[in-house]
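# Structural characterization, general
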Amino acid sequence: MSAEFGGRSGRQGRLSQWLRGRRPKPPADEGGREALLLAAADAGLPLAPAAHPAAQYGCSCDRVGCPTPARHPVSFAWQTQSTTDHGQIERWARHQPQANFITATGMVHDVLDVPLDAGRQALTRLLDAGIEVGPVAESDDDRMLFFTLTRGTPEDEDEWWPCELDCHPETMDEHPGLRWHCRGSYVLVPPARLPGDDGRAVRWVRGPEHPLPDPLSLLEVLTDSCARYAEERPDHASAAWPSRH
């Protein structure tokens, strides 16, 4: 019996070795992806895994004709799942080496999301004026993201509203100007990959080491730049605010 058991054990050991050899190895973190994600978490941005680009439908999710390929969370529970815990983020990053990550807005931070040309103009104006600007990201889908403190539910306002801009992809066209991501919304956090063969991505212009500013300190310059952008681009509607839900 002992010899038979030893034989089985030997075969099981060889089988385990063979399975380990066939298991795909995670790709090297050449771009410092994990370090960038942890830096975002250190800045207080709660993260959760998102879809990534895939050849067949442009998105790794199983939805045919996904309206926001590689730009949405993988779980419906993304709001409660979002975290700044290093251990959890490291596990996600290593077990899902191709995944993008989103950051849930309206808990610690909001995001003012504007057309890229308007955002670049506004960033120059803000810095020249000595106004504190926090983290800023550029997306190759022609948007610029200004990360700010969240307004939460201001005590001096009768109501505040949840933001469902990314939950309803049709709002991408309804709000071509400034979009304010607050409660109930999310944005991709760098580094993130977008569908396409040309290396389209979301990347930091100013990293998460910059303190989050009050959104109202940026708002006037951003809305003015969006209005100028709309005037210069007649094919786009004028800058619009997110509608209240």
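Read on for a plain summary of the structure. In this text, all values refer to a predicted model and were calculated from it rather than measured experimentally.

Further remarks concern the packing of aromatic side chains. On inspection of all chains with the given rule, the structure shows three aromatic pairs. Relative to Phe-101, the ring of Trp-92 lies with its centre 6.4 Å away and its plane at 50°, an arrangement referred to as tilted. Of the two residues examined, Trp-92 and Phe-101, each falls in the buried class. For the ring pair Phe-147 and Trp-204, a centre distance of 5.1 Å and an interplane angle of 55° mean the geometry is tilted. In this pair, Phe-147 sits in strand β5 (residues 143–149) while Trp-204 sits in strand β9 (residues 201–206), placing the two residues 57 residues apart along the sequence. Residue class for Phe-147 comes out buried when judged on its relative accessible area of 1%. Taking relative accessible area as the criterion, Trp-204 reaches 15% and is therefore assigned buried.

Pro-191 follows Pro-190 through a cis peptide bond whose omega is -5°. Note on placement: Pro-191 falls in the loop between β7 (186–189) and β8 (192–193). With a phi angle near 65°, Ala-70 is a residue other than glycine that sits in the positive phi range. Within the secondary structure, Ala-70 sits in the loop between β1 (47–50) and α3 (78–81). Look at Ala-70 and you get buried, because its relative accessible area is 0%. The backbone of Asp-142 shows a phi angle near 70°, a positive value even though the residue is not glycine. Its location among the elements puts Asp-142 in the loop between β4 (136–139) and β5.

On the surface, Asp-117, Asp-142, Glu-231 and Glu-232 cluster together to form a negatively charged patch. The exposure class assigned to Glu-232 is exposed, which follows from its relative accessible area of 57%.

This paragraph deals with the pattern of salt bridges. Under the counting rule described, the total for this entry stands at eight salt bridges. Arg-71 is paired through a salt bridge with Asp-141; the nearest N and O atoms lie 3.5 Å apart. On the criterion of sequence distance, the pair formed by Arg-71 in the loop between β1 and α3 and Asp-141 in the loop between β4 and β5 is long-range, its members being 70 residues apart. Notably, a salt bridge pairs Arg-228 with Asp-224, separated by 3.2 Å at the nearest N-O pair. Placement of the pair is Arg-228 and Asp-224 together in helix α7 (residues 216–232), with a separation of four residues, close to one helical turn. Given the relative accessible area of 37%, Arg-228 is considered partly exposed. On the basis of relative accessibility, which here comes to 28%, the residue Asp-224 falls in the partly exposed class. Through salt bridges with shared partners, a single ionic network connects Asp-113, Arg-143 and Arg-179.

Definitions and limits used
Residues numbered from 1 in each chain as written. Predicted model: local features only at pLDDT ≥ 70, side-chain atom pairs only at ≥ 80, totals over all residues. Heavy atoms only, no water. Phe/Tyr/Trp six-rings, centres within 6.5 Å; stacked < 30°, edge-to-face > 60°. Buried < 20%, exposed > 50% of the residue type's maximum accessible area, 1.4 Å probe, protein only. Helix = DSSP H or I, 4+ residues; strand = E, 2+ residues; numbered from the N terminus. Patch = residues over 30% accessible without salt bridge, like charges linked within 9 Å, V, L, I, M, F, W, Y side chains within 5 Å. Areas by Shrake-Rupley, 256 points an atom, 1.4 Å probe, with all protein chains shown as cover. Salt bridge = Lys/Arg side-chain N within 4 Å of Asp/Glu carboxyl O. Lys, Arg positive; Asp, Glu negative; His and termini not counted. Charge placed at Lys NZ, Arg CZ, Asp CG, Glu CD.

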